[in-house]
Each structure stands twice: as C-alpha cells, then as structure tokens.
There are 2 protein chains.
Amino acid sequence: METLPIGDFAARSGVAPSALRYYEREGLIRSTRTGGNQRRYLRSELRRVAFIKIAQQVGVSLEEIRDALAELPENRTPTKADWARLSAHWRRKLEERISIMERLRDQLTGCIGCGCLSLQRCSLINPADRLAARGSGPQMIINPPS
Amino acid sequence: METLPIGDFAARSGVAPSALRYYEREGLIRSTRTGGNQRRYLRSELRRVAFIKIAQQVGVSLEEIRDALAELPENRTPTKADWARLSAHWRRKLEERISIMERLRDQLTGCIGCGCLSLQRCSLINPADRLAARGSGPQMIINPPS
DNA sequence: CTGCAACTTGAAGTTCACTTCAACTCAAGG
DNA sequence: CCTTGAGTTGAAGTGAACTTCAAGTTGCAG
C-alpha cells in the first residue's frame, strides 16, 4: 500500500514532523517502519490528523482526543461510517461549547446594561453549571465538564 | 476604604491566593499594603478579577487581558461606563469566536454527510481565514487572529 | 502578651503541547 | 560508491499559567 515518509506527511497534514512524532508517542497516530526504521504513513492517517486538528480547535485536550480516536477500529482502516460516527459525537461537543459561549455573550450583554460585572450577583462568573477552569496549567477555553 | 486580605479576596473571587499574587506580578491587578507588608484589596478589584475570568473563558491570554485592562483609568476607581466600554469590546471578540465555531460546526456537519474529513478538500482543516494554531505551547481555542 | 493561622518572598516544580538539539543512520541521485 | 538531504533517537528546552515549598513575618483572638 502506498505510504508517505514523515516529511511528505507533515507537508500534507500541515503538522510539523516533531509534532507527528509526539502524537505517535502519545498514541494518537500510527506509522509503519521501513527496513531502515523510518516512518511511513498510510494516507488514511491523514484523516486522524485532520480530526485531531479540528478537535483541538474546539478546545479538546490531546488526551481526550486520544480516547476518542481509540474508538476507531484497530484492525482495519476506518470507513466513512466510522468517521461519521466520531464526527457526529464531536459535533455535539462543539454545539455544547457554542451554546455555552452564547450564554456567556448574552449575559455579558446584560452586564453591560447593568454595568455590574460583580462576582456576587453576576451569573457570568459563577454560573450554576461550572464552566470555571479546573486544575492547573494552561486553560483550554471553556474546559469541558467531565 | 474597606479592603480585603488576600484570603478573603481569594474566597470572594474564586481565584487562589497564589494566582492572585501571580496576576499582580504580571500587572493584571493591584493591591495596597498594610504596615506589615500584607496585601489589602479594594472591592473594586473584584471586577478586574471577574473580567479576567470571563476573558479567559473566551480564550484570551493573560497578556492580552492585561493590555485590555490597561485601558482602565489608573488614578481612579473605574466607573460603570469604563467597564461597559471594555465589556462591549470583549463582547465583539466573543461574537467572533462564536461565529468561527458555528462555521466549524456547519462544516463538520457537511463533512459527516460526505464522510470526507480530508485535509486536501475539506475547508475545515485549511480554511481561507487561518484559524489554525500559531506558535508553540498549549493552544487556546481558536487562537485569535492578531 | 502569647500563640497560631494567615501572610510574605523567591525559587523551583508542574502540565500541556510541542520544538530544538546533538549525534547518528538511511535512501537515493550523480 | 559517495554525498547529501531526510530521517532516527533521547534528552533537554519553551511558554503559559499557575502551584508548591521553605523559611521567615504579621495580625488578631484569647
């Protein structure tokens, strides 16, 4: 089957070789090796990288992305249906994020009106459903409630 | 004027004392000191922290937040009007993010239909307007086009 | 006035998502 | 065959946004 060396794969996916090696170490993508131990990527891996990039834009951590990708079949190249199932799942996540941000927007509008921006009164800061950041380290936008 | 020690301020703002000290070092908030060098916060600083938390949820870096906060008056406690101006500005940013995510959602829906998720063809991955991640380090959601 | 929780500092540690580096090996065109 | 660009590894570095630690100081209740 036709495969790509890491440089070509990086060019086609728009992800640096170093990042691809990192993804592989972290179990997000796979590659086969030549006799001389060089990576060769199946074209179908491009879809994985595409998925990773989309999920990242939605603010999902690599760990979560890995877990999601783990649902794809291991023994065969994923079909359109496999991808469609995964995509549908993430579209729902994306919609959740959108509605959270819309709520944020509406409430910010309200706060502009009243000029409050008060931690005590304003639902923007302490909404019933916690969208506050949890844990340490750099925060992804609207940390997904686990 | 009535002020709060760091512990109380942390409790009221929902931000850890260590984070508050960090924000101060980074020039995002201010405090006065007691004779014994302990921090005392004005209640009006709570609004700053509220603003910081909201902006972070929208995916803005502390550096950008600091720049935004720098527009508030230094010599007096910000008025409602000061805050309203700032909030209106950030509401626009928030709306931008929302529309980007909506576009993402619509295109992902399309991709589910066609099952492509192809890097080459799919506008999700390489949209004309770069919303791809730039630079290194952990990526904020939908890195704001500078 | 004492005791103890709450505070102070600077320095070092943490996590994520990578990148960079050094030293080395492989693959392919001339 | 030889050169050269592309690839390999592990280890260390980066930047954001904090947290943790150690060693010492302050403020207030009793």
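Use the structure listed above.
If you're wondering where the values come from, they're calculated on a predicted model, not measured in any experiment.

About the criteria used
- Residues numbered from 1 in each chain as written.
- Chains lettered and ligands numbered in written order.
- Predicted model: local features only at pLDDT ≥ 70, side-chain atom pairs only at ≥ 80, totals over all residues.
- Heavy atoms only, no water.
- Phe/Tyr/Trp six-rings, centres within 6.5 Å; stacked < 30°, edge-to-face > 60°.
- Helix = DSSP H or I, 4+ residues; strand = E, 2+ residues; numbered from the N terminus.
- Pairing = 2+ DSSP bridges.
- Axes fitted to C-alpha atoms, helices over the stretch in contact; angles between N-to-C directions.
- Parallel < 35°, antiparallel > 145°, perpendicular 65-115°, else oblique.
- Left-handed = near helix turned anticlockwise from the far one by under 90°.
- Contact = heavy atoms within 4.5 Å.
- Nonpolar A, V, L, I, M, F, W, Y, C, P; charged D, E, K, R; others polar.
- Buried < 20%, exposed > 50% of the residue type's maximum accessible area, 1.4 Å probe, protein only.
- Polar contact = N/O pair within 3.5 Å; in protein donor to acceptor, adjacent residues only side chain to side chain.
- Arc of directions from axis to C-beta.
- Near = heavy atom within 4 Å.
- Salt bridge = Lys/Arg side-chain N within 4 Å of Asp/Glu carboxyl O.

Asker: Would you mind going over the packing of aromatic side chains with me for this structure?
Answerer: Centre-to-centre distance and the angle between the planes together describe a pair of aromatic rings. Scanning the entire structure with this criterion turns up eight aromatic pairs over all chains. Relative to Tyr-23 of chain A, the ring of Tyr-22 of chain A has its centre 6.3 Å away and its plane inclined at 50°; by these criteria the two rings are tilted. Centroid distance Phe-51 of chain B to Trp-83 of chain B: 5.9 Å. Interplanar angle 50°. Geometry classified as tilted. Taken together, the positions of Phe-51 of chain B in helix H3 (residues 45-57) and Trp-83 of chain B in helix H5 (residues 80-114) put the pair 32 residues apart, joining distant regions of the chain. An aromatic cluster is defined as three or more aromatic residues linked by ring pairs; in this entry it consists of Phe-51, Trp-83 and Trp-90 of chain A.

Asker: What is the right way to look at the sheet that holds strand S2 (residues 32-33) of chain B in this model?
Answerer: Where strands meet in a sheet, backbone hydrogen bonds hold them as pairs that are either parallel or antiparallel. In spatial order, the strands read S1-S3-S2 (chain B); together these three strands make up an open sheet with antiparallel pairing. Every interior strand has two partners, whereas the edge strands, strand S1 (3-5) and S2 of chain B, have only one.

Asker: I keep staring at the packing of helix H1 (residues 6-13) of chain B against H3 of chain B and nothing clicks. Help me out?
Answerer: Describing two packed helices takes the angle between their axes plus the distance from one axis to the other. All names here are of chain B. Contact geometry of H1 with H3 gives a least axis separation of 10 Å together with a crossing angle of 45°. Taken together, the axes of H1 and H3 lie oblique to each other. Crossing handedness for the pair H1 and H3: right-handed. Mapping the contact onto sequence places Phe-9, Arg-12 and Ser-13 in H1 and Glu-45, Leu-46, Val-49 and Lys-53 in H3. Tallied by class, residues from the contact of H1 with H3 come to three nonpolar, one polar and three charged.

Asker: When you look at the side chain of Ser-13 of chain B in this model, what are you seeing that I'm missing?
Answerer: Residues and elements named next belong to chain B. Mapped onto the fold, Ser-13 is located in helix H1. According to the relative accessible area criterion, Ser-13 is buried, its value standing at 1%. In terms of polar contacts, Ser-13 uses its side chain to reach the backbone amide nitrogen of Val-15, at 3.3 Å.

Asker: Would you mind showing me how to read the packing of H3 of chain B against helix H4 (residues 62-69) of chain B here?
Answerer: All names here are of chain B. Their axes nearest at 10 Å, the elements H3 and H4 cross at an angle of 135°. As the angle between them shows, H3 and H4 are arranged oblique. Here H3 runs over H4; the crossing is right-handed. Where H3 approaches H4, its residues Arg-48, Phe-51, Ile-52, Ala-55 and Gln-56 are matched on the opposing element by Leu-62, Ile-65, Ala-68 and Leu-69. Residue composition of the contact of H3 with H4, grouped by class: seven nonpolar, one polar and one charged.

Asker: Can you help me understand helix H2 (residues 17-25) of chain A in this one?
Answerer: All names here are of chain A. For H2, the complete set of buried residues consists of Leu-20, Tyr-23 and Glu-24. Viewed along the axis of H2, the buried residues span an arc of 100°, placing them on a single side of the element. On its buried face, H2 sits against helix H1 (6-13), strand S2 (32-33), strand S3 (39-42), helix H3 (45-57) and helix H4 (62-69). Count one or two residues on from H2 and you reach Gly-27, which has phi positive near 80°.

Asker: Explanation requested: the protein's contact with DNA strand C in the structure shown.
Answerer: Inspection of the region around DNA strand C gives 23 residues, with Ser-18, Tyr-23 and Gln-56 of chain A together with Gly-7 and Arg-39 of chain B positioned closest. The share of sugar and phosphate among atoms of DNA strand C within 4 Å of the protein is 81%. One of the backbone nitrogen or oxygen atoms of Ala-19 of chain A is found 3.1 Å away from a phosphate oxygen of DNA strand C. Within the side chain of Thr-34 of chain A, a nitrogen or oxygen atom sits 3.4 Å from a phosphate oxygen of DNA strand C. Elements represented by at least two residues in the surface near DNA strand C include exactly H2 of chain A together with H1 of chain B. It is H2 of chain A that contributes the most residues to the surface near DNA strand C, four residues altogether. Taken together, the residues that form the surface near DNA strand C break down as ten nonpolar, ten polar and three charged.

Asker: Where do I start with the pattern of salt bridges in this structure?
Answerer: This model, assessed by the stated rule, comprises 20 salt bridges over all chains. Salt-bridge contacts for Glu-74 of chain A lead to Arg-30 of chain A; the nearest nitrogen and oxygen are separated by 3.4 Å. Here the residue Glu-74 of chain A occupies a position in the loop between H4 and helix H5 (80-114), and Arg-30 of chain A occupies one in the loop between H2 and S2, the gap between them amounting to 44 residues. Residue Lys-93 of chain B pairs with Glu-64 of chain B through a salt bridge whose shortest N-O separation is 3.4 Å. Residue Lys-93 of chain B is located in helix H5, and its partner Glu-64 of chain B is located in helix H4; the two are separated by 29 residues in the primary sequence.

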